[in-house]
Amino acid sequence: MIGKLQGIVDYIGDGFVIIMAGPVGYKVYTPEYLTPKETVSLWIETVVREDSIRLFGFTRASTQNLFNMLTAVSGVGPKVALAILGTIKTDTLISAIATGDAKTIATAPGVGKKVAEKIIVELKSKVGGASLDFGSDMAGGALSDLLSALEALGYRRMDVVEMAQKLVADNPGTDITKLVPMALKSISGKK
């Protein structure tokens, strides 16, 4: 079993890379953004099926662990797990699971509302307070309310979720009527 692979990125395909480790090229499926001729070290997860053996690679062991948690959810295979990890940043995903934010998870290709909700139900207790201190229902409610308000104003959830999470974490107990203007100020400051 391959646990870790170090080599040079020889080729980048659609969702996979070829890593040259000595004279052997390994096809590794990854959500990571790698560049050609870069030397990389990837944590490897080997998935054996009846008709194939596939290697999945991650630059961080924590991302590999999250991949394993996602694939343990019934209805979420390696392809969907990679789509989620390739679309949503790890911290954002953990926060979305911890706060029950199915809309953020459903932004990944191939993930509908039902699958997103199933991921939350099956993984919420496992990720617990592993992210930006969104363990409390109050913080989760404030985040959900803020994201809903920003969506109603025409902003795409994926464009504002990271900023909203930081805003709620930095201002615990702040009312939504104060959070929305703070968020708009933060958004306008970026432009």
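Every chain is numbered independently, its residues counted from 1 as its sequence is written. Only residues with pLDDT of 70 or above have their local features reported here, since the model is predicted, and side-chain atom pairs are shown and tallied only from 80 upward, although totals for entire chains, interfaces and linings are computed over all residues. Computation of side-chain values: all heavy atoms of the structure, hydrogens and water removed.

Engineer: Help me get a handle on the overall build of the chain, residues and values and all.
Structural biologist: Only runs of H or I of at least four residues qualify as helices and only runs of E of at least two qualify as strands under DSSP, and these elements are numbered from the N terminus. Along its length, the chain carries eight helices and five strands. Listing the helices and strands of the chain from first to last along the sequence gives β-β-β-β-β-α-α-α-α-α-α-α-α. Out of the 191 residues belonging to the chain, those deemed buried represent 40%. Here, residues are in contact when the closest pair of their heavy atoms is within 4.5 Å. Here the analysis covers contacts within the chain between residues at least 6 apart in sequence; of these, 51% occur between residues at least 24 apart. Accessible surface computed for the chain: about 10,400 Å², of which carbon and sulfur atoms make up 54%. Positive charge is attributed to Lys and Arg, negative charge to Asp and Glu, and no charge count is given to His or to the chain ends. A single reference atom marks each charge: NZ on Lys, CZ on Arg, CG on Asp, CD on Glu. Seen as two clouds, the 21 positive and the 19 negative side-chain charges of the chain have centres 3 Å apart. Note on classification: 1.4 Å probe, protein chains only; a residue is buried when its accessible area is under 20% of the maximum for its type, exposed when over 50%, partly exposed between these limits. The method behind every accessible area is Shrake-Rupley, applied with a 1.4 Å probe, and residues are considered shielded solely by the protein chains displayed.

Engineer: So what about the packing of aromatic side chains? Which residues, and what values?
Structural biologist: Whether two aromatic rings pair depends on their centres lying within 6.5 Å, for rings of Phe, Tyr and Trp, where Trp uses its six-membered ring; planes under 30 degrees apart make the pair stacked, over 60 edge-to-face, and the rest tilted. Per the stated rule, a full pass over the model turns up five aromatic pairs. With a centroid separation of 6.0 Å and 40 degrees between ring planes, the pair formed by Tyr 11 and Phe 16 is classed as tilted. Accessibility expressed as a relative area gives 46% for Tyr 11, which makes it partly exposed. Since its relative accessible area comes to 16%, Phe 16 is described here as buried. Within the aromatic cluster, the residues linked to one another by ring pairs are Tyr 11, Phe 16, Tyr 29, Phe 56, Phe 58 and Phe 67. Geometry around Phe 16 places Lys 27 over its ring, the cationic atom sitting 4.4 Å from the centre. The criterion for a charge sitting over a ring is simple: Lys NZ or Arg CZ within 6 Å of the ring centre, and within 35 degrees of the ring normal.

Engineer: Give me the confidence of the model for the chain: which residues, what numbers.
Structural biologist: Fine structural detail should not be taken from predicted coordinates in areas where pLDDT scores are low. Overall, the prediction assigns the chain a mean pLDDT of 84, with 92% of residues at 70 or greater. A residue's pLDDT is the predictor's confidence in that residue, given on a scale from 0 to 100. Considering each helix and strand of the chain separately, the mean pLDDT is smallest for helix α6 (residues 137-152), with a value of 70, and largest for strand β3 (residues 24-29), with 96. Contacts for the low-pLDDT stretch residues 129-138, under 50 throughout, to residues beyond four places or in other chains number 17 contacts.

Engineer: Explain helix α3 (residues 90-99) to me, using residue names and the numbers behind them.
Structural biologist: Most of α3 is tucked away, with nine of its 10 residues classed as buried. Taken together, the buried positions of α3 are Thr 90, Thr 92, Leu 93, Ile 94, Ser 95, Ala 96, Ile 97, Ala 98 and Thr 99. With its phi angle positive at about 75 degrees, Gly 100 sits one or two positions after the end of α3.

Engineer: Lay out the packing of helix α1 (residues 61-72) against helix α2 (residues 78-87) in plain terms, naming residues and giving numbers.
Structural biologist: Geometry is summarised by axes, namely lines fitted to C-alpha atoms with helices restricted to the contacting stretch, and by angles between N-to-C directions that run from 0 to 180 degrees. Two elements in contact, α1 and α2, have axes separated by 9 Å at closest approach and are oriented at 135 degrees. Viewed along their axes, α1 and α2 adopt a mutual orientation that is oblique. The interaxial crossing formed by α1 with α2 has right-handed handedness. In contact with Thr 63, Leu 66, Phe 67, Leu 70 and Thr 71 of α1, α2 contributes Pro 78, Ala 81, Leu 82, Ile 84 and Leu 85. When the residues that make up the contact of α1 with α2 are grouped by side-chain class, the tally is eight nonpolar, two polar and no charged. Roughly parallel means an angle under 35 degrees; roughly antiparallel, over 145; roughly perpendicular, 65 to 115; everything else is oblique. Each crossing is labelled by how the near helix is turned from the far one, with a counterclockwise turn of less than a right angle marking it left-handed and a clockwise turn marking it right-handed. For this scheme, ten residues count as nonpolar: Ala, Val, Leu, Ile, Met, Phe, Trp, Tyr, Cys and Pro. Four count as charged, namely Asp, Glu, Lys and Arg, and the remainder, Gly too, count as polar.

Engineer: Let's hear about the pattern of salt bridges: which residues, and what values?
Structural biologist: Where charged atoms of side chains with opposite charge meet at close range, the side chains can pair. Definition used for salt bridges: Asp or Glu carboxyl oxygen within 4 Å of a side-chain nitrogen of Lys or Arg. Taken as a whole and assessed by the stated rule, the structure comprises four salt bridges. Among the salt bridges present, the one from Glu 162 reaches Lys 89, with a minimum N-O distance of 3.1 Å. Of this pair, Glu 162 sits in helix α7 (residues 157-170) while Lys 89 sits in the loop between α2 and α3, and the two are 73 residues apart along the sequence. Taking the shortest distance from any N to any O, the salt bridge between Lys 113 and Glu 117 comes out at 4.0 Å. Separated by four residues within a single helix, Lys 113 and Glu 117 lie in helix α5 (residues 113-127), roughly one turn from each other. For Lys 113, a relative accessible area of 60% puts it in the exposed group.

Engineer: Lay out the nonpolar core in plain terms, naming residues and giving numbers.
Structural biologist: Here, nonpolar core means buried Ala, Val, Leu, Ile, Met, Phe, Trp, Tyr and Cys residues that are tied together by side-chain atoms lying within 4.5 Å of each other. Core analysis: the biggest nonpolar cluster contains 31 residues, and Leu 70, Ile 84, Leu 93, Ile 105 and Ile 119 have the highest contact counts within it. Elements supplying a minimum of two residues to this core: β2 (16-21), β5 (53-58), α1, α2, α3, α4 (102-105) and α5. Not counting the four nearest positions on each side in its chain, Leu 93 is found in contact with Leu 66, Leu 70, Ile 84, Leu 85, Ile 88 and Ile 105. By size, the runner-up hydrophobic cluster in this structure holds 15 residues, among which are Ala 142, Leu 150, Leu 167 and Ile 187.

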